[in-house]
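Structure assessment
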Amino acid sequence: MELLCPAGNLASLKVALNAGADAIYLGLKDDTNARSFAGLNFTPKKLEQAVQYTKQQGKKIFLTINTFPKPGEEQRWYQAIDLAAHTGVDALIIADLSLLDYAHSHYPHLALHLSVQASATNLGALSLYKREFNIERAVLPRVLSMKQVRDLAKVTPVDLEVFAFGSLCIMAEGRCHLSSYVTGQSPNTGGSCSPAKDVRWQEVGGKRLTRLNEVLIDKSDIDDQMGYPVVCKGRYTTQENANPNYLLESPTSLNTLSLLPELAQSNVVSLKIEGRQRSPAYVEQVTRVWRQAIDTYLSDPDAYSAQAQWNQALAKVSEGQVTTLGAYERAWQ
Amino acid sequence: MKVSLGPIQYCWPKAKVIDFYQQVATSDIPLVYLGETVCSRRREIKFADYLELAQMLKASGKQVVLSTLALIEAQSEFSALKQQIDNGEFIIEANDMGAVEVAKSLKLPFVCGPTINNYNAATLKKLASWGMQRFVMPLELSEEWLEQIMVALPPAQIEVEVFGHGYMPLAHSARCFTARNKGLTKDSCKTICIDYPKGILAQTQEAQPLLRLNGIQTQSATHIDLRDQQVEMERMGVDYFRVSPSSVDALVIASNLKASQPQSSDGANGYWFKQAGFNRVV
C-alpha cells in the first residue's frame, strides 16, 4: 500500500519524504489545479526541483492538473501537461475529459490517474475512463461506504486510491457548487473551496462570527476549536428548529487508521493524505504516524490495531480536533 | 428557444406526481424530463411508474427524456441504471459518467444533465462522439463562458440547454441531510423527505435563507431565475430553457415563457453574470 502525501511547497515535500511518504502529489502555481491557495504550489522551476529531489529518494511524484479548462484558454492546460511530461513526473492526476484525451494521445506512456474531481464512484464511470484513456488509477470521492469500496474494488478495471486522512469533504467532489454559490469561486474552474480572501472573522459581544463573502457561516465562543470555514460545516437554523445546528457536518477530519486492515484487504493501492494547503509541520506529523501504522500492519496484519498515541497525534492536527470515519461508516450517512 | 421541464427533484407522494404529469400533458411544454435523480431509497414511484408516465406524455405529443441518478454508489444502483437506459423507447439524461458509459456501450443517444462536468468544447465534442445529443450547462458557469463554448462547437452538432428557473442542485453527498435533521440515519430514513415537498430551508443565524436540504442533495435556498435573459439566450442559439419544478406553479411559469415577450424576473442570477450564484444582478 502506497502512502501518498500532499505538498504545497518544497519544504512540505521534503519533510513528507523524510517522514516516510512513498509518493507525493502537488500542483502548479496557477488555476490548472483545484487548490490554488495564495502563496502555495509550484512554479515550473520548483516542479523540476521537486521531481529531482523525489527521484533521488527513489519515490514517486504525481502532478494534479485537475481543473476544467476555461474556453479559449485550453492551451494553458495543454502546456501544463506538456511541461509535466517533459519534467518526468510519474503520473498526472486529471479530471477533465478533454485533458485526459490530450494526455493519452500525446503521451501514451505517461501514467494517468483519474482525479477525485472527476467524481467517479462506480464501475461504469471507471470502465469508461479506463477504456477511452487507459487510466491506471482512480481517486475515489469521499462518498462510498467501506462495503461499497470493497465491492467496487472486486470489479474495478483500475487501481483504487482512497482518502485516508485529512479535512473531510462531505460532498461528491468535483460536483459541489457550494463555494461558488456563496463566493463565486469554484475549485472546478481553478479557484479553491472557500477562498481565504472571502473569509472574515469578527468578535462581537464575546462571540466570534465567521463570515464567508459576508454570509454568516457560524457564530461560536471565542475559545471554541474551529475548522476552516466552508459552507457545509456551518451552523444554521430551520423552520422547525431555531437553535443553530451543524445541519450538514461539523468541523471534523477524516481519520481511517482503524480501517487500515480493511482497506489493505480490499486491495486499495494507495492511501491519500489530504492537505496541500497545510503547513510542513502538519504534513510531517501526519506522514510519520501513517508510516508507522502501515509498517505495523504490514509486519503483522493480524496483530494490527490503531494505537491510541497515533490517534492522539492525528487529532491534534485535525479540524476542531475531532475525527470521523465519514462515509466509510454507514451510520455516518 | 423552446421550454423544457426538468425532473422533479423532491420526493412527492405518488398521487401528486401523477396529477402533476397529467397537467403537464395538457400544457404546451414540448420537452419533459422525468425520473428519480436524487435518491434510490425513494420508492414511492418505481421505474415502471415513470415509464408509464413517460408513455402517457409521449402520447400527448411531448418529447420525453428519462433522468437518472446523480450519484451512483451501490452496485445495485448501477444495475438498475442499465435497466433504465436499455428501456427500448426513451433516451436518458445522464447525471453521472456511469450512465454515459452504459448509453455509449448500448449505442444509445443521451443528454448530459447539469451534474456532469462539461466545461469546454473539446469535452463536449468527445461526448458528442459517444452519442450525446444535448447538454445542460453546469450551473456555476456564466453567459460569457457558455458563449465561448458555443462559438467553438460545430454548428447544430450539440443542442444546448440552460437551467433557467428553479431551485439549484448544488451538491450531492453520501449523507442524507433530511434524515439527519429528523434524528434518523439513511438506512432508517422512512423516506422522511416525503414530508418536505420543497426540501428543508436552512437559514444563517442572521435569518438569511441559504440552503435547501433535499435528502442527499443540497439545493439553493433561492431559486435561479433567468427569464429576463431569454432574448439573449435566443441570440446565442440556446435550444432549451429549463424550468425545474418545485410545485404546479412551475407549469404556469413554463407555459408563459415566450422569448419574444421580455419578462421580469426575481430570484438569483449571479452565476450567469460571473458572480456568486446567490447574487441578484439587476
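Provided above is the structure to which this section pertains.
Structure report, in brief. Each chain carries its own residue numbering, running from 1 in the written order of its sequence. As a convention, the first chain written is A and the first ligand written is 1, with the rest following in written order. With pLDDT at 70 or above as the cut-off, local features in this predicted model cover only qualifying residues; side-chain atom pairs require 80 or more to be listed or tallied, and sums for whole chains, interfaces and linings still use all residues. Hydrogens and waters are ignored; side-chain quantities use all the structure's heavy atoms.

Before going further, it helps to spend a moment on the overall build of chain B. For chain B, the helix and strand inventory stands at nine helices and eleven strands. Over its C-alpha trace chain B gives a radius of gyration of 18 Å, about what one expects of a compact globule, namely 19 Å for 282 residues. C-alpha extents for chain B along the principal axes are approximately 50 × 50 × 35 Å. Burial status follows relative accessibility: with a 1.4 Å probe on protein chains alone, a residue under 20% of its type maximum counts as buried, one over 50% as exposed, and anything between as partly exposed. Counting across all 282 residues of chain B, residues that qualify as buried make up 63%. For chain B, restricting intrachain contacts to residue pairs at least 6 apart in sequence, the fraction spanning at least 24 positions comes to 69%. Accessible surface for chain B amounts to roughly 10,000 Å². Of this, 51% is attributable to carbon and sulfur atoms. Helix and strand definitions here come from DSSP, where helices need a minimum of 4 consecutive H or I residues and strands a minimum of 2 consecutive E residues; each element is numbered from the N-terminal end. Our radius of gyration looks at C-alpha atoms and nothing else; its globule reference is 2.2 Å times the residue count to the power 0.38. We call two residues in contact whenever any of their non-hydrogen atoms come within 4.5 Å of each other. For the accessible areas, the method is Shrake-Rupley and the probe is 1.4 Å, while residue cover comes only from the protein chains on display.

Another aspect to go through is the side chain of Arg175 of chain B. Structurally, Arg175 of chain B can be placed in the loop between β7 (159-172) and α7 (177-181). Judged by relative accessible area, Arg175 of chain B falls into the buried class, the value being 5%. A polar atom in the side chain of Arg175 of chain B sits 2.9 Å from the backbone oxygen of Trp332 of chain A. If sequence neighbours within four positions are ignored, Arg175 of chain B has contacts with Leu248, Glu249, Trp332 and Gln333 of chain A together with Arg180, Gly215 and Ile216 of chain B. Pairs of N or O atoms within 3.5 Å make up the polar contacts considered here, provided that, within protein, one atom can donate a hydrogen while the other can accept it, and that residues adjacent in sequence are counted only when both atoms are side-chain atoms.

The next point concerns unusual backbone geometry. Residue and element names in this part refer to chain A. The backbone phi angle of Asn41 is positive, close to 80 degrees, even though this residue is not glycine. Here Asn41 lies in the loop between β2 (23-27) and α2 (44-56). Even without being a glycine, Ser194 presents a positive backbone phi close to 50 degrees. Counting through the fold element by element, Ser194 comes out in the loop between α7 (178-183) and β8 (199-204).

Bringing the interface of chain B and chain A into the picture now. Contacts between the two partners involve 66 residues from chain B, matched on the other side by 69 residues from chain A. Buried area is a sum: the accessible area each of two parts loses on coming together, probed at 1.4 Å, counted once for each and added. At the boundary of chain B with chain A, total buried surface from both sides reaches about 5,600 Å², with 55% on carbon and sulfur atoms. The term salt bridge refers to a pairing of a side-chain nitrogen on Lys or Arg with a carboxyl oxygen on Asp or Glu at a separation within 4 Å. There are eight salt bridges connecting chain B and chain A. A salt bridge links Glu249 of chain A to Arg175 of chain B, with the shortest nitrogen-to-oxygen separation between them at 3.5 Å. One can count 40 residue pairs in polar contact (both at pLDDT 80 or more) joining chain B with chain A. Residues that form the side of chain B that touches chain A fall into these classes: 33 nonpolar, 21 polar and twelve charged. Here, any two strands with at least 2 DSSP bridges between them count as paired. Note that strand β11 (residues 237-238) of chain A and strand β8 (residues 200-203) of chain B share two bridges and pair antiparallel. Of the residues in β8 of chain B, the one forming a bridge with Thr238 of chain A is Ala202 of chain B. Asp, Glu, Lys and Arg are counted as charged, while Ala, Val, Leu, Ile, Met, Phe, Trp, Tyr, Cys and Pro are counted as nonpolar; the rest, among them Gly, fall into the polar class.

Take the packing of helix α5 (residues 123-133) of chain A against helix α4 (residues 97-105) of chain B next. Note on definitions: angles span 0 to 180 degrees between N-to-C directions of axes, and those axes are lines fitted to C-alpha atoms, for helices only across the stretch in contact. With their axes 7 Å apart at the nearest point, α5 of chain A and α4 of chain B run at an angle of 65 degrees to one another. Between α5 of chain A and α4 of chain B lies a crossing of left-handed hand. Facing Gly124, Ala125, Ser127, Leu128, Tyr129, Arg131 and Glu132 of chain A of α5 of chain A, the residues of α4 of chain B in contact are Met97, Gly98, Val100, Glu101 and Lys104 of chain B. Class assignment of the residues belonging to the contact of α5 of chain A with α4 of chain B gives a composition of five nonpolar, three polar and four charged. Should the near helix be turned anticlockwise from the far one by less than a right angle, the crossing is left-handed, and should it be turned clockwise, the crossing is right-handed.

To continue, consider the nonpolar core. Note that soluble globular proteins tend to have their nonpolar side chains buried in a common cluster. Counting 202 residues, the largest nonpolar core has Leu92, Tyr129 and Trp290 of chain A as its most contacted members. Examining the composition of this core, we find that eight residues originate from one element, helix α9 (residues 280-299) of chain A, more than from any other. Remark: nonpolar core denotes a set of buried residues (Ala, Val, Leu, Ile, Met, Phe, Trp, Tyr, Cys) joined through side-chain atoms within 4.5 Å.

Attention shifts here to the environment of Ile216 of chain B. Residue and element names in this part refer to chain B. Along the chain, the position of Ile216 falls in the loop between β9 (209-214) and β10 (217-225). For the pair Ile216 and Ala174, spaced 42 residues apart in sequence, the C-alpha separation works out to 6.3 Å. Setting aside its immediate chain neighbours within four residues, Ile216 contacts Val38, Leu71, Ala171, His172, Ser173, Ala174, Arg175, Cys176, Phe177 and Lys186.

Below, the discussion takes up the pairing of β10 of chain B. Residue and element names in this part refer to chain B. Among the nine residues of β10, eight are classified as buried, and the element is accordingly described as predominantly covered. The sheet contact formed by β7 and β10 spans six bridges and is antiparallel. Within β10, the residue paired with Pro169 across the bridge is Gln219. As paired elements, β9 and β10 share four bridges and run antiparallel to each other. Looking at β10, one finds that Leu213 is bridged to Thr218.

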